[in-house]
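Chain by chain, the residues:
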Amino acid sequence: MRRLALILAVIFYPLMALAVGVDEARLSDPALEARARELMKELRCLVCQNQSIDESDADLAKDLRHIVRERIVAGDSDAAVRRFLVDRYGDWVLLDPPMNARMMVLWLAPLGLVVVAATTLIVVLRRRRREAAAPLTAEEEKRLQAILNATDEEAKRP
Amino acid sequence: MRLKSLLPLLIFLGLAAVLWVGLGLKPREVPTVMIGRAVPEFDLPPLDGRTQGLASAALRVPGVKIVNVFASWCVPCRVEHPQLSALKNLPGIALYGINYKDNVADARAFLDGLGDPFAAIGYDRSGRVSIDWGVYGVPETYVVDGDGKIVYRHVGPISDDDLKTKFTPLIERLREGA
Amino acid sequence: MTAEIGHLALALALALAILGALLPQLGAARRDPALIAAAVPLTIGQFVLVLIAFLALTWAYVVSDFSLAVVASNSHTEKPMLYKLSGVWGNHEGSLLLWALILTFFAALVALLGRNLPARFRARVLAVESMIAVGFLLFLLLTSNPFERLSPPAVEGMGLNPLLQDPGLAFHPPFLYLGYVGFSVAFAFAIAALQEGRVDAAWARWVRPWTLVAWVFLTIGIALGSWWAYYELGWGGFWFWDPVENASFMPWLVGTALLHSAIVVEKRDSLKSWTVLLAIIAFSFSLLGTFLVRSGVLTSVHAFATDPARGVFILGFLALVVGGSLTLYAMRAETLTAGGLFEPISREGALVLNNVVLATAAATVLLGTLYPLLLDVFTGAKGTVGPPYFHAVFIPLMTPLFVALGLAPFLNWKRADLKTALSRLWIAAVTALIAVTVVAYLTWGGPVLALLGVAVGAWMIGAALTDLASRLRQGGRWMRLPRAQWGMSAAHIGVGVLVLGITGATAWNRESLEVMRVGDSLSVGPYTVRLENVAPVAGPNYTAVRGVMVVSEKGRAVMTLYPESRTYATPPMTTTEAAIRPTAVGDIYAVIGEETKGGWAVRLYLKPLQYWIWIGAGLMALGGVLSLSDRRYRIGAPARRKGAAHAA
């Protein structure tokens, strides 16, 4: 992701710094800190986009972590903290956006794929079994005999 | 040729079409939710050695205001500097700056060296006010209308082309509307 | 001068590739032996020329020739030699040249080792390889010329990104490309088969070893990339479902399906058109991956610097190659007759299940990867798809596959009895049950899903061992067991070990983050870690601070960790070098960050069973190598089966 920063530096300077991201003050109350950490895991690091702010060393992620802790100490509920950030950065800031019709397609697609694959498979297998069950024509019968004889010959060989 | 054998090709063609359209999009740009909203409440102090900071009140007065978030450590900010100077000279425009997480001495050297196009600069040392604006990188530039509403956001440096095709027409429209 | 030689060699290679794509096809169509025979020298010539170009670029890196744009922007005089060399492919242009090199290398191998192939068939295969080479060489020369000169030359290079200055990553791209490009051979065989209108057991025997080679390399390549992310990024994660990772995972999934369906073609003459389609898709995914990584249509953590012109070129090429081959498939697939019949409960049935699951998985990864783009194109909305989605899909999708993986070797071809098979697997079932019970007791209150992971992991290992044992009992001495059997067992055990590793590292991961002063202690899991000292150290092209941490268990010191935080000068950047040590439980992982408030930011993880992931991946790759060494499948000797010979 730092590589990305280098590339983007030419066109746009994302708010990244090189901190490891552990130097900030943790909340003294472990229960609150745990809640904050859980929240951080669902919030997007806007600079690195596919990571949460919990696992990003971008500068902006650090600031957002700070805000999350601050809001929690101020007594905000989880929903209020989320709202605070959605207010500024839109639904985009939520890594796992609320289930909506747009996302339904994505979640249902694998199920659909499995169903389609299974149906196709059943249809094909049934059809082929039916075809196979059809009696042999005279010609096929003759060929079959020839093959069987040949195998017998082979089997007799030492 | 049965449909069954044709299916992979059809799926691929659909995919290729999407990829083709996708090439023209900008996936990295974070959408902003600030358009149409009133500017956030803030009151930023001046950079040391200056008298005037920047507060939301200044953005609620009539006229077109432009707010540019910048920092001396940001290379693209240098790139867009000539365009900012040009923006400033457009009639009826007030150009303000928000200095993002900068070292004061560096910021002053930056402005002294390149020239200071801003009518006033707010010093956002912690970056918190910028977060209220929904800023996720520098430079970002916001256009505020006469009612104090944000009407446009530009991500990244303003190129000469952006100035001509995006900012100038927008500003003219806003001035005519006012 | 060397650069000009390299440039010229590339241009000549392009000329040979164009001839190589046209003449053999013409010869095959007209049955002209001279034109058919031209395929071999044309192919080998391409390889030699691209090799010259590659060596020329390598030389420019070795001597730090900063008059070349790529060298100036990616290398530095003070960089260690290993990274000067790996820097050759650490950027867009060079990595593309490596692609071309490996592509022509594989084609040359087919030309040299494929003596047993019918001449006309081989000519067609080589022509397809040449056609792909034309695309990549054109791409290199037109949009990404690595031999472009800077005027005036740079005085000093900008350096290689320090994150990439790492042995794991130095060899990650070559392995990955060997995998990606390896699938081009299966692809070329598929196209040639469609042209000739026949797919049979002999075809499957030719395709399988090449697919296996590509698959082994891709497996190793993906594992190396994952390992690098694990220890270099400093967050202890090993798989992020990032578009770039997915781009390598999709061909792997399809390649795995192809390996298994080729068995059905070989043994039972069934699933022919499906197998051909898989061979086309596996390579198509390789090309698609290249497009996704280099065009900038998706946001990824580690994408190349992107350029829309390149995107347009690859997309055009993709449309030509994939669109063309799928059109050919649509026209010719019908001519491939359906072969042997089978019941749903049979070896074939299990392999079909494998294919359905893996194909669905690949399609899901594709959909998840492209979904943000689809949303943007169709609705203009933004959205991303993260790990939760992939986990939610993969766990229910893979579970039946893993159960069947244990069962399949006990099923007969054509028609099998489930009860008989299961009765021979009672030991594996009991093993899985015991494993789950023990783990549930040890990790009481942990994630319930983890128990599922343990169950299927133990089941797969147990079943594969049972299979191996029963075959050894039947077959007498173990040396007489076919290598392919050893290969399958090793790979299947590998999958089990991998699943256990992933389960452990994700479900029971423990972490502690703290600002530590020298002398402070911090505990993670059963271990206590004491920061003894922090001292500066100097590296060849960086300076670092190194922490000394003593790890103790129940008051007894068990090991010392030396995590580093490195600061590079060119380009200016800080990287973390995690200290990772395996213990019986799992990896202990320590990271030291910056100095703050009189202490040091420290992160500690305990990742149970983490290293099982690498062992599992290694076993899978080993399984592939063992299979390859089986006499029946050896690349050089794919003899046609009696009676299958046909007048070419």
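Colleague: Break down the overall build of chain C for me, citing the residues and quoting the values.
Modeller: Broken down by element type, chain C carries 19 helices and 10 strands. Principal axes of the C-alpha set define a box for chain C whose edges measure 80 × 75 × 55 Å. For chain C, the residues scored as buried account for 57% of the 648 residues in total.

Colleague: Any chance you could break down the nonpolar core for me, citing the residues and the numbers?
Modeller: In terms of nonpolar packing, the biggest core is built from 212 residues, with C:A100, C:A186, C:F189 and C:A279 touching the most fellow members. With 20 residues, helix α9 (residues 201-232) of chain C is the single largest residue contributor to this core. Inspection of this core shows a minimum of three residues originating in each of domain 1 (1-160) and domain 2 (402-508) of chain C. Among all residues touching C:F189, those that are not within four sequence positions of it are C:V125, C:W203, C:W206, C:V207 and C:A279. Within the second largest apolar cluster, 62 residues are counted, among which are A:C45, B:Y100, B:V129 and B:I131.

Colleague: Summarise α9(C); cite the residues concerned and give the values.
Modeller: All names here are of chain C. Across its 32 residues, α9 extends 45 Å between first and last C-alpha, which sits within 8% of the 46 Å expected from 1.5 Å per residue. Burial analysis of α9 places 28 of its 32 residues in the buried class, the great majority of the element. Of the residues one or two after α9, G234 is the one with positive phi, at around 80 degrees.

Colleague: Which residues make up the interface of chain C and chain B, and what are the values?
Modeller: At the junction of the two partners, chain C supplies 27 residues and chain B supplies 19 residues. For the side of chain C that touches chain B, the secondary structure elements donating two or more residues are α11 (272-295), α12 (308-332) and α13 (347-379) of chain C. Broken down by element, the residue count for the side of chain C that touches chain B peaks at 13 residues, all from α12(C). Partitioning the side of chain C that touches chain B into residue classes produces 19 nonpolar, 5 polar and 3 charged.

Colleague: Could you give an account of the packing of α9(C) against helix α10 (residues 243-268) of chain C, with specific residues and numbers?
Modeller: All names here are of chain C. Viewed as axis vectors pointing N to C, α9 and α10 meet at an angle of 150 degrees, and their least axial separation amounts to 9 Å. For the element pair α9 / α10, the angle class is roughly antiparallel. The element α9 and its partner α10 pack so that their crossing is left-handed.

Colleague: Mind laying out the pairing of strand β7 (residues 140-144) of chain B, listing which residues take part and the relevant values?
Modeller: Residues and elements named next belong to chain B. Within β7, 5 of the 5 residues are buried, leaving the element largely enclosed by the surrounding structure. On β7, burial covers both faces: E140, Y142 and V144 on one face and T141 and V143 on the other are all buried. Inspection of the sheet shows strand β3 (residues 64-70) paired to β7 by 5 bridges, in the antiparallel sense. Bridge assignment links K65 to a residue of β7, and that residue is V144. One ladder, built from 5 bridges, connects β7 with strand β8 (residues 150-155); its direction is antiparallel. Residue pairing for β8: E140 is matched across the bridge by V155. Hairpin remark: β7 followed by β8, antiparallel, with 5 residues in the connecting loop; positive phi at G148, about 80 degrees.

Colleague: Go over the packing of helix α2 (residues 30-41) of chain A against helix α3 (residues 59-73) of chain A with me, naming the residues and quoting the values.
Modeller: Residue and element names in this part refer to chain A. The contact between α2 and α3 brings their axes to 10 Å, and the two run at 135 degrees. When the axis of α2 is compared with that of α3, the two are oblique. Between α2 and α3 lies a crossing of right-handed hand. Contacts between α2 and α3 involve L32, R35, A36, L39 and M40 from the first element and R65, V68, R69, I72 and V73 from the second. Of the residues that constitute the contact of α2 with α3, the class distribution is 7 nonpolar, no polar and 3 charged.

Colleague: I'd like to hear about α3(A), residue by residue, with values.
Modeller: Residue and element names in this part refer to chain A. For α3, with 15 residues, the first-to-last C-alpha span of 21 Å sits near the 21 Å given by 1.5 Å per residue. When α3 is considered as a whole, its buried residues turn out to be L60, A61, K62, L64, R65, V68, R69, R71 and I72. Of the residues trailing α3, G75 is marked for its positive phi of about 100 degrees.

Colleague: Hey, could you go over the pairing of strand β10 (residues 599-608) of chain C for me, with residue numbers and the actual values?
Modeller: Residue and element names in this part refer to chain C. Burial of β10 is extensive: 9 of the 10 residues sit out of reach of the surface. Two elements, strand β1 (residues 510-516) and β10, share 7 bridges in a ladder whose sense is antiparallel. The residue bridging V515 from the neighbouring strand is A601, located in β10. Judged from the 9 bridges that link them, strand β9 (residues 586-596) and β10 form a sheet pairing that is antiparallel. Within β10, the residue paired with A590 across the bridge is L604.

Colleague: Can you lay out the confidence of the model for chain C for me, pointing to particular residues and giving the numbers?
Modeller: When the pLDDT values of chain C are averaged, the result is 89; 94% of them are 70 or greater. ipTM for the predicted complex: 0.88, alongside a pTM of 0.85.

Colleague: Give a detailed account of the sheet that holds β9(C), specifying residues and quantitative values.
Modeller: Residues and elements named next belong to chain C. Sheet architecture is open: 4 strands sit in the order β1-β10-β9-β8, paired in antiparallel fashion. The two strands at the open ends of the sheet, each matched to only one other strand, are β1 and β8 (579-582). Shown here is a sheet whose adjacent strand axes are inclined to one another by a mean of 15 degrees, direction ignored. The sheet contacts of helix α19 (residues 610-628) involve β8, β9 and β10, and relative to β9 the element is tilted by about 120 degrees.

Cut-offs applied
Residues numbered from 1 in each chain as written. Chains lettered and ligands numbered in written order. Predicted model: local features only at pLDDT ≥ 70, side-chain atom pairs only at ≥ 80, totals over all residues. Helix = DSSP H or I, 4+ residues; strand = E, 2+ residues; numbered from the N terminus. Buried ≥ 20, exposed ≤ 12 C-beta atoms within 10 Å, placed from the backbone. Core = buried A, V, L, I, M, F, W, Y, C linked by C-beta atoms within 7 Å. Domains from an automatic or database assignment. Contact = placed C-beta atoms within 7 Å. Expected span 1.5 Å × (residues − 1). Nonpolar A, V, L, I, M, F, W, Y, C, P; charged D, E, K, R; others polar. Axes fitted to C-alpha atoms, helices over the stretch in contact; angles between N-to-C directions. Parallel < 35°, antiparallel > 145°, perpendicular 65-115°, else oblique. Left-handed = near helix turned anticlockwise from the far one by under 90°. Pairing = 2+ DSSP bridges. pLDDT = per-residue confidence, 0-100.

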